[in-house]
Amino acid sequence: LGFFAFFAPLLAQAVEVEKSWEKAVVFEPETAQRTSIGALSLDKRFPVLVFLHGCTGLYPDHPSDHFSWAELVAKEGFVVVMPDSFARPGRIPNCVPGKPGEAGRFRQADNYRQDEIAFALSNLNSVSWADPKNLFLMGHSEGAIATATTRHPGFRGLIISGWTCTHSKNPRYDGIFSPKEVPALAIAFKDDPFRKGRPQEGRCANKADGRELTQVDLEGSSHGTYLDPNARTAVQKFLREKLQQ
């Protein structure tokens, strides 16, 4: 009984993580056609971008324009995989849309996102359509925090959208924790209301600590980044430059 009691929660967690992968929204390379993991069928390997959604999940009309980012990157020749954290039982939003001060409603969010990254990375290293040399990770807001704080070494590059890599009161969120050889691109608005005047105010560039990092500071007070042409150009340039031929 003691053995089962110890391992049962771990087994349950593994099933939950698997659901985030199984229910992922996928965009096919070049055509940007939307599909699923189970339906994806490609005859060769492609670079892959894993995109981590924000705190309210995957919505086509989300202010951060998650699907628009996915379509843009897919047209660059990438498979875009967007794991669905909310496919896991019991998962609730970690924030309230439009209310920057109301976050932290789901305390397990950080662990959930890191488990989802690890599970996605493990699967991408075994499927026939993914190029294991060209796996990229991008996240927006809560997804960007997970991107900045992941310690996994298997990514070719990181794209951090709507986050500052900064938290003056919590070292768990303060910095970029992947291996130093992994380059990063950070894009955020200077006066983002989710960061301005808060412990999260800052710049990822100030946390590079010797890492190759490109910072794009957007003018204005928005949170979603896709609609700014400078953000889109920066993402395209970063992916083209870091892609290993």
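The rules behind these values
- Residues numbered from 1 in each chain as written.
- Predicted model: local features only at pLDDT ≥ 70, side-chain atom pairs only at ≥ 80, totals over all residues.
- Heavy atoms only, no water.
- Helix = DSSP H or I, 4+ residues; strand = E, 2+ residues; numbered from the N terminus.
- Buried < 20%, exposed > 50% of the residue type's maximum accessible area, 1.4 Å probe, protein only.
- Contact = heavy atoms within 4.5 Å.
- Pairing = 2+ DSSP bridges.
- Axes fitted to C-alpha atoms, helices over the stretch in contact; angles between N-to-C directions.
- pLDDT = per-residue confidence, 0-100.
- Lys, Arg positive; Asp, Glu negative; His and termini not counted.
- Salt bridge = Lys/Arg side-chain N within 4 Å of Asp/Glu carboxyl O.
- Disulfide = S-S within 2.5 Å.
- Core = buried A, V, L, I, M, F, W, Y, C linked by side-chain atoms within 4.5 Å.
- Parallel < 35°, antiparallel > 145°, perpendicular 65-115°, else oblique.
- Left-handed = near helix turned anticlockwise from the far one by under 90°.
- Nonpolar A, V, L, I, M, F, W, Y, C, P; charged D, E, K, R; others polar.

Draft legend 1. Looking closely at the overall build of the protein chain. Along the backbone of the protein chain there are 5 helices and 10 strands. For the protein chain, with 245 residues in total, the buried portion stands at 53%. By sequence separation, contacts in the protein chain at least 24 residues apart represent 72% of the contacts at least 6 residues apart.

Draft legend 2. View of the sheet that holds strand β1 (residues 25–27). With mixed pairing, the 8 strands of this open sheet are ordered in space as β2-β1-β4-β3-β7-β8-β9-β10. Looking at the sheet topology across the chains shown, the edges are occupied by β2 (34–36) and β10 (213–218). Ignoring which end each strand starts from, the neighbouring axes of this sheet average 20° apart. Bridge count between strand β8 (residues 157–161) and strand β9 (residues 184–189): 4 bridges; the pairing is parallel. In the strand pairing of β9, Leu158 is matched with Ala184. The strands that helix α4 (residues 142–149) touches are β3 (46–52), β7 (130–140) and β8; relative to β7, the one it contacts most, it runs at about 130°. Along the sheet, helix α5 (residues 229–242) makes contact with β7, β8, β9 and β10, crossing β9 at roughly 175°.

Draft legend 3. Broad picture of the confidence of the model for the protein chain. The predicted model of the protein chain averages 89 in pLDDT, with 87% of residues at 70 or higher. Low pLDDT, under 50, characterises residues 3–12; the predicted model gives this stretch 0 contacts beyond four residues in sequence or across chains.

Draft legend 4. Fine view of the side chain of Glu16. Within the secondary structure, Glu16 sits in helix α1 (residues 2–22). Of the side chains with opposite charge, Arg88 lies nearest to the buried Glu16, which makes no salt bridge, at 4.0 Å. In contact with Glu16, not counting residues within four places along its chain, are Arg88, Pro89 and Tyr112.

Draft legend 5. Inspection of the pattern of salt bridges at higher detail. Across all of its chains, the model carries 15 salt bridges by this definition. Lys133 serves as the salt-bridge partner of Asp131, at 3.1 Å between the closest nitrogen and oxygen. Among the ionic pairs, Glu219 bridges to Lys190, the shortest N-O distance being 2.5 Å. Note that Glu219 is positioned in the loop between β10 and α5 and Lys190 in the loop between β9 and β10, a separation of 29 residues in sequence. The class of Glu219 is exposed, set by a relative accessible area of 56%. Each of Arg88, Arg91, Arg113, Glu116 and Glu142 takes part in salt bridges that share partners, so that together they form one network.

Draft legend 6. Up close: the state of the cysteines. Considering all chains together, one arrives at 1 disulfide under this definition. There is a disulfide in this structure between Cys165 and Cys204, and the S-S distance comes to 2.0 Å. Negative torsions about the S-S bond denote left-handed disulfides, and the value of about 80° found for Cys165 with Cys204 makes this one right-handed. Within this pair, whereas Cys165 is found in the loop between β8 and β9, its partner Cys204 is found in the loop between β9 and β10, the two being separated by 39 residues in sequence. Accessibility expressed as a relative area gives 0% for Cys204, which makes it buried.

Draft legend 7. Region of the structure containing the nonpolar core. If you look at the biggest cluster of nonpolar residues, it comprises 37 residues, and the most contacted ones within it are Val48, Val79, Val81, Leu124, Trp129, Ile160 and Trp163. Mapped by element, the contributors of at least two residues to this core are β3, β4 (79–82), α3 (109–124), β7, α4, β8 and β9. Apart from residues no more than four positions distant in its own chain, Val48 is found in contact with Phe78, Val79, Val81, Leu124, Trp129, Ala130, Asn134, Leu135 and Phe136. Within the second largest apolar cluster, 29 residues are counted, among which are Phe67, Leu72, Met138 and Tyr226.

Draft legend 8. Broad picture of the packing of helix α2 (residues 66–74) against α5. Following both chains from N to C, one finds α2 and α5 inclined at 40°, their axes separated by 11 Å at the closest point. What the angle tells us is that α2 and α5 run oblique. Classified by chirality, the crossing of α5 by α2 is right-handed. Judged by residue contacts, Trp69, Leu72 and Val73 of α2 engage Ala231, Arg232, Val235, Gln236 and Leu239 from α5. For the contact of α2 with α5, the residue count by class is 6 nonpolar, 1 polar and 1 charged.

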